[in-house]
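Commentary on secondary and tertiary structure
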Amino acid sequence: MSTGLSDALRILVQWQCTPNQALAILKLDPDQPFPEILSEEQCERMTFVLNIHSDLGTIFDAPEDRSGYMSSPHDDPY
């Protein structure tokens, strides 16, 4: 398993995604969640998760704010 994939899965757990949600977000097959080779789309999805997490780190100082933001309620209409 690639380091990027394991990092993306760890981040999705921090964001309080269920295992099925994490697999769907990364477009991983539940029967083979850790493929030896990722498709281009899977790599792109993994990169999105990693970049969003990184961007949240530039916005929030506290790690719990960065990891909790995705699961917190938002009143922003956008």
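A brief report on the enclosed structure follows. As the structure is a computational prediction, the values presented were derived from the model and not from experiment.

**Thoughts on the environment of Glu44**
Residue position: Glu44 is located in helix 3 (residues 40-59). Sequence separation between Glu44 and Leu26 is 18 residues, and the spatial gap between their C-alpha atoms is 8.7 Å.

**Brief notes about helix 1 (residues 3-14)**
The α-helix winds at 3.6 residues per turn, so residues separated by three or four positions along the chain end up facing the same way. Compared with the 16 Å implied by 1.5 Å per residue over 12 residues, the 16 Å span of helix 1 between its first and last C-alpha is a close match. Every buried residue of helix 1 is accounted for by Gly4, Leu5, Ala8, Leu9, Ile11 and Leu12. Projected down its long axis, helix 1 carries its buried residues within an arc of 160 degrees, all on one side. For helix 1, the exposed residues lying more than 90 degrees away from the buried face are Thr3 and Val13. Its buried side turned inward, helix 1 meets helix 2 (19-25) and helix 3. Downstream of helix 1 by one or two residues, Gln16 has phi in the positive range, about 65 degrees.

**Here we look at the packing of helix 1 against helix 3**
Between helix 1 and helix 3, whose axes approach to 9 Å, the crossing angle comes to 55 degrees. With respect to helix 3, the axis of helix 1 lies oblique. Handedness of the helix 1/helix 3 crossing: left-handed. Judged by residue contacts, Gly4, Leu5, Asp7, Ala8, Ile11, Leu12 and Gln14 of helix 1 engage Met46, Val49, Leu50 and His53 from helix 3.

**Quick look at the packing of aromatic side chains**
In this structure the tally under the stated criterion is one aromatic pair. Arranged with centres 5.4 Å apart and planes meeting at 40 degrees, the rings of Phe60 and Tyr69 form a pair that is tilted. Judged by its relative accessible area of 22%, Phe60 falls in the partly exposed class.

Calculation rules
- Residues numbered from 1 in each chain as written.
- Predicted model: local features only at pLDDT ≥ 70, side-chain atom pairs only at ≥ 80, totals over all residues.
- Heavy atoms only, no water.
- Helix = DSSP H or I, 4+ residues; strand = E, 2+ residues; numbered from the N terminus.
- Expected span 1.5 Å × (residues − 1).
- Buried < 20%, exposed > 50% of the residue type's maximum accessible area, 1.4 Å probe, protein only.
- Arc of directions from axis to C-beta.
- Contact = heavy atoms within 4.5 Å.
- Axes fitted to C-alpha atoms, helices over the stretch in contact; angles between N-to-C directions.
- Parallel < 35°, antiparallel > 145°, perpendicular 65-115°, else oblique.
- Left-handed = near helix turned anticlockwise from the far one by under 90°.
- Phe/Tyr/Trp six-rings, centres within 6.5 Å; stacked < 30°, edge-to-face > 60°.

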